[in-house]
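Read off the chains here:
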Amino acid sequence: MKKSKLYKVAIMSLVLCFTLISIVNAVTFKDMPNDGWSDDFIIKAAELGLVKGYSDGTFGPENNVTRFETMLMLSRLHTIDSDLQKQIENKYLPIIKEVTNGNDELSYTELSKALSLKLLTENKFKELYQNGFLKKEATREDVAVFIVQAMCLQDEIDKLTSK
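On a predicted model such as this, the values are computed, not experimentally measured, just so you know.

Novice: How should I be thinking about the nonpolar core in this particular structure?
Specialist: Proteins that are soluble and globular tend to have nonpolar side chains buried together. Within the largest apolar cluster, 23 residues are counted, with the highest numbers of intra-cluster contacts made by M71, I96, L111, L120, F125 and L134. The set of elements that each furnish at least two residues to this core consists of helix 3 (67-75), helix 4 (82-100), helix 5 (108-116), helix 6 (122-130) and helix 7 (140-150). The element contributing the most residues to this core is helix 4, with six residues. With sequence-adjacent residues up to four places away left out, L111 is seen in contact with F68, M71, L72, I96, T100 and F125. Counting eight residues, the second-largest nonpolar core is a separate cluster that includes F29, M32, I42 and A46.

See below:
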């Protein structure tokens, strides 16, 4: 009888723990549109780590995305183990810090991944970041280019254009 109560208490404690953990880990933004159609998609994308809000706790659902944000989102599609990620960061952090002049520090991990995935070459990143091109709104053309590069299809494009 005592064992049965002990098991019940243990199970209830675990259920309560998991419930509290899921509540604590729930993604929320101060400016969610609460319009029904996009909320769940935004929350799911944030939970998966594909999109992030701003440092002030907002998401900016009415904002257009920049080329920079598009590149970061697409780099988050690729899961890389932590050892390899550290190697990638060690390789690319010096150029990222130099180019960004210490700005966008919260994006360094994604930027290093984007460079390793060849979303941009180091030289192109330097050129486009420094001339402000990456901070402008993304066009459909920009997004299409980044998607092809994020899917590692550049070789296929090169083959088609060489014919």
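Read on for the rest.
Novice: What is the right way to read the packing of helix 3 against helix 5 from this model?
Specialist: Relative orientation and spacing of two packed helices are given, respectively, by the angle between their axes and the distance between those axes. Between helix 3 and helix 5, the least distance of the axes is 9 Å, while the angle of their chain directions is 80 degrees. Between helix 3 and helix 5, the angle falls in the class roughly perpendicular. Where helix 3 approaches helix 5, its residues F68, M71, L72 and S75 are matched on the opposing element by E110, L111, K113 and A114. Split by residue class, the contact of helix 3 with helix 5 holds five nonpolar, one polar and two charged.

Novice: Which parts of the structure should I look at to understand the pattern of salt bridges?
Specialist: Note on pairing: side chains with opposite charge can pair once their charged atoms come close. Applying the stated criterion across every chain, the model contains seven salt bridges. Because the salt bridges share partners, they merge into one network encompassing K52, R76 and E110.

Novice: Help me understand the packing of aromatic side chains in this model?
Specialist: Centre distance and the angle of the planes are the two values used to describe a pair of aromatic rings. Scanning the model with the defined rule gives three aromatic pairs in all. Measuring from ring centre to ring centre gives 5.7 Å for F125 and Y129, while their planes differ by 50 degrees; the resulting arrangement is tilted. Within this pair, F125 and its partner Y129 are both found in helix 6, separated by four residues, close to a single helical turn. Across the pair, Y129 and F125 agree in class, each one buried. The structure contains a cluster of three or more aromatic residues connected by ring pairs, namely F68, F125 and Y129. Looking at R67, its charged tip hangs above the ring of F133, at a distance of 3.6 Å from the centre. Between the NZ or CZ atom of K135 and the centre of the ring of F68, over which it lies, the distance is 4.1 Å.

Rules and cut-offs
Residues numbered from 1 in each chain as written. Predicted model: local features only at pLDDT ≥ 70, side-chain atom pairs only at ≥ 80, totals over all residues. Heavy atoms only, no water. Core = buried A, V, L, I, M, F, W, Y, C linked by side-chain atoms within 4.5 Å. Buried < 20%, exposed > 50% of the residue type's maximum accessible area, 1.4 Å probe, protein only. Helix = DSSP H or I, 4+ residues; strand = E, 2+ residues; numbered from the N terminus. Contact = heavy atoms within 4.5 Å. Axes fitted to C-alpha atoms, helices over the stretch in contact; angles between N-to-C directions. Parallel < 35°, antiparallel > 145°, perpendicular 65-115°, else oblique. Nonpolar A, V, L, I, M, F, W, Y, C, P; charged D, E, K, R; others polar. Salt bridge = Lys/Arg side-chain N within 4 Å of Asp/Glu carboxyl O. Phe/Tyr/Trp six-rings, centres within 6.5 Å; stacked < 30°, edge-to-face > 60°. Lys NZ or Arg CZ within 6 Å of the ring centre and 35° of its normal.

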